[in-house]
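Coordinates in review
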Amino acid sequence: MESKSIFLSKTAIANVLATALLILTFAGFDFELTAEQQTSVVGGVYTVLNIIMRLVTKQPAHVFKKPDETTLNTTPWVGIIVLMLVVGLLHGCTTATVETDTARKRFAAIKTDYASVLAVAVQYESLPRCPALEPCSDPGVVRQLRKAQIDARTVLDGYEAALKVPGADLSSWIRRSVAAVSAIQTIATNRGLIK
Amino acid sequence: MTAIIKAAQLLATWAPLALNGVSSARRVVMEGSALINKATEEGRDITDEELQILDDLVRDLEERLQRDDI
C-alpha cells in the first residue's frame, strides 16, 4: 500500500492537537472545570481520538521514506490500541489522585504565604502610630492591612469549605485566595515592609 | 550631606524592624513548609489536624493584627 507524509496524516494532526491540549492543561490553562474533571476529559478525549483515528486510517504514514509494508500486519496494531487505552486510563487515574493531593497542599502553601505576610503586618502594626517618632506605623496603612486580612480570611474559609466538597471547583478558590493574599503583600511591598 | 545622614538614620531605625518582621515571617514559612514536606515525604496528603495547626498559627497572627489600637 502506498504511504503518505506524516504531515498529511489525520491521526498525527489529531495527536498534535491533543498534545497541545495536554500542554495547555499542564501550563495551568483554566477550562472552567475542576482539576480532576479537566484531567479526565483531556485523557478521555485523547484515548477516544486515537481509537477513532485508527479506525479511519487507511494508509501507512512516513516521515522520510516509505516504510516496509511487511510490518503492517493487523496483530501489532490491536496490541498498540489496547496499550494506548490502558495507558490513557492509567494516566487519568494517577493524575487525578495527584491533583486532589495537590489541592490540599496548595491550600496549605497559600495559607503559609498568608501567615508569612501577616507576620510582617503584625510587626508593623505593633509600632506606635505615626506621627510618633520613627519607626511608627501609618494608621491608614494599618487600616488597609486589617481590611485586606479580613477579606483574605473570608476567601480562605471558602476555599477550606470547598476542599471538603467532592467535585467542587477548586480552581476559582485557588485564584481568589492567591489574589487575596497578594493584596496584603502589595500593601506591605508598597510600604517597603517586604520586597 | 544632610540627605545622606537622614537616609542613614532611616535605615538604622527601619532595618531592625524589617529584619525582625522578616525573621518572624521566615519562621512561619518554615513551619508551614515543614508540614507540607512531611506529608510529601510520607507519601500522603495534608491531614485535617495539620491544616488545623496551620490555622491556629494564622489565627494568632490575625488576632494580633486586629487588636485594639495602642
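Preceding this section is the structure that the text describes.
This report concerns the structure included in the present document. Note that the structure is predicted; figures quoted are calculated from it, not measured. (Residues numbered from 1 in each chain as written. Chains lettered and ligands numbered in written order. Predicted model: local features only at pLDDT ≥ 70, side-chain atom pairs only at ≥ 80, totals over all residues. Heavy atoms only, no water.)

Thoughts on the overall build of chain B
This is how it is decided: Segments assigned H or I by DSSP are reported as helices when at least four residues long, segments assigned E as strands when at least two residues long, and all are numbered from the N terminus. Relative accessible area decides the class of each residue, using a 1.4 Å probe on protein chains only: under 20% of the type maximum gives buried, over 50% gives exposed, and in between gives partly exposed. Here the accessible surface of atoms and residues is derived via Shrake-Rupley with a 1.4 Å probe, and residues count as covered only by protein chains that are part of the display.
The secondary structure content of chain B amounts to two helices and zero strands. The buried share of chain B, reckoned over its 70 residues, is 29%. Entry remark: accessible area of chain B is about 4800 Å², with carbon and sulfur atoms responsible for 59%.

Quick notes on the side chain of glutamate 50 of chain B
All names here are of chain B. The condition that has to hold: Contacts between residues were defined by any pair of non-hydrogen atoms, one from each residue, lying within 4.5 Å.
On the secondary structure map, glutamate 50 appears in helix H2 (residues 48–66). Exposure remark for glutamate 50: the relative accessible area of 7% places this residue in the buried category. Setting aside chain neighbours within four positions, we find glutamate 50 in contact with Leu35, Lys38, Ala39, Arg44 and Asp45.

Some points on the interface of chain B and chain A
Here is the rule: Summed over both partners, the accessible area lost on bringing two parts together, with a 1.4 Å probe, is the buried area. One speaks of a salt bridge when a side-chain nitrogen belonging to Lys or Arg is within 4 Å of a carboxyl oxygen belonging to Asp or Glu. Polar contact is the term for a pair of N or O atoms within 3.5 Å; when the atoms are in protein, one must be able to donate a hydrogen and the other to accept it, and sequence-neighboring residues count only if both atoms are side-chain atoms.
Counting residues at the interface gives 34 residues for chain B, matched by 36 residues for chain A. Taking both sides of the interface into account, the surface hidden between chain B and chain A amounts to around 3100 Å²; carbon and sulfur atoms contribute 61%. On inspection of chain B and its partner chain A, the count reaches six salt bridges. Ionic pairing is found between aspartate 45 of chain B and arginine 104 of chain A, a salt bridge with its closest N-O pair at 3.9 Å. The interface formed by chain B and chain A holds 14 residue pairs in polar contact (both at pLDDT 80 or more) in total. Sorting elements by how many residues they give to the side of chain B that touches chain A places helix H1 (residues 2–41) of chain B first, with 15 residues.

As for unusual backbone geometry
With the exception of glycine, most residues fall at negative phi, and the peptide bonds are largely trans. With omega at 15°, the peptide bond leading from cysteine 130 of chain A into proline 131 of chain A counts as cis. Relative to the helices and strands, proline 131 of chain A is located in the loop between helix H3 (74–125) and helix H4 (139–163).

A look at the nonpolar core
For clarity, the threshold we go by: Put simply, a nonpolar core is a bunch of buried Ala, Val, Leu, Ile, Met, Phe, Trp, Tyr and Cys residues held in one set by side-chain atoms that sit within 4.5 Å of each other.
Counting 44 residues, the largest nonpolar core has Tyr114, Tyr124, Leu145, Tyr159 and Ile184 of chain A together with Leu61 of chain B as its most contacted members. Residue assignment for this core shows that the elements contributing at least two residues are H3, H4 and helix H5 (170–190) of chain A together with H1 and H2 of chain B. The dominant element in this core, judged by the number of residues it contributes, is H3 of chain A, at 13 residues. Once residues lying within four places of it in the same chain are set aside, the contact partners of isoleucine 184 of chain A are Tyr114, Val117, Leu145, Ala148, Gln149 and Ala152 of chain A.

Quick word on the packing of H4 of chain A against H2 of chain B
Worth spelling out the cut-off: Between N-to-C directions, angles cover 0 to 180 degrees, with each direction set by a line fitted to C-alpha atoms, over the stretch in contact for helices. Should an angle fall under 35 degrees it is called roughly parallel, over 145 degrees roughly antiparallel, and 65 to 115 degrees roughly perpendicular, with every other angle called oblique. Each crossing is labelled by how the near helix is turned from the far one, with a counterclockwise turn of less than a right angle marking it left-handed and a clockwise turn marking it right-handed. Throughout this entry, Asp, Glu, Lys and Arg are counted as charged residues, while Ala, Val, Leu, Ile, Met, Phe, Trp, Tyr, Cys and Pro are counted as nonpolar. The remaining residues, Gly among them, count as polar.
Packing of H4 of chain A against H2 of chain B brings their axes to within 11 Å, and their N-to-C directions diverge by 160°. Between H4 of chain A and H2 of chain B, the angle is such that the two are roughly antiparallel. For the pair H4 of chain A and H2 of chain B, the sense of crossing is left-handed. Between H4 of chain A and H2 of chain B, the residues in contact are Leu145, Arg146, Gln149, Ile150, Arg153, Asp157 and Glu160 of chain A and Leu51, Asp55, Val58, Arg59, Glu62, Leu65 and Gln66 of chain B, respectively. Considering only residue class, the contact of H4 of chain A with H2 of chain B consists of five nonpolar, two polar and seven charged.

Section: the pattern of salt bridges
Applying the stated criterion to the full structure yields 15 salt bridges over all chains. Glutamate 125 of chain A is the salt-bridge partner of arginine 146 of chain A, the closest N and O atoms lying 3.0 Å from each other. In this pair, arginine 146 of chain A sits in helix H4 while glutamate 125 of chain A sits in helix H3, placing the two residues 21 residues apart along the sequence. Considered together, arginine 146 of chain A and glutamate 125 of chain A belong to a single accessibility category, that of buried residues. Here arginine 64 of chain B makes a salt bridge to aspartate 60 of chain B, at a shortest N to O gap of 3.5 Å. Note that arginine 64 of chain B and aspartate 60 of chain B are positioned in helix H2 at a spacing of four residues, about one turn of the helix. Connected via shared salt-bridge partners are Lys111, Arg153, Asp157 and Glu160 of chain A together with Asp55, Arg59 and Glu62 of chain B.

Brief notes about the packing of H4 of chain A against H5 of chain A
All names here are of chain A. One way to put it is that H4 packs onto H5 with a least axis distance of 9 Å and a crossing angle of 165°. On the basis of their axis angle, the class for H4 and H5 is roughly antiparallel. The two elements H4 and H5 cross, and the hand of that crossing is left-handed. Across the interface between the two elements, Val141, Gln144, Leu145, Ala148, Gln149, Ala152, Val155, Leu156, Gly158, Tyr159, Ala162 and Leu163 from H4 touch Leu170, Trp173, Ile174, Arg176, Ser177, Ala180, Ile184 and Ile187 from H5.

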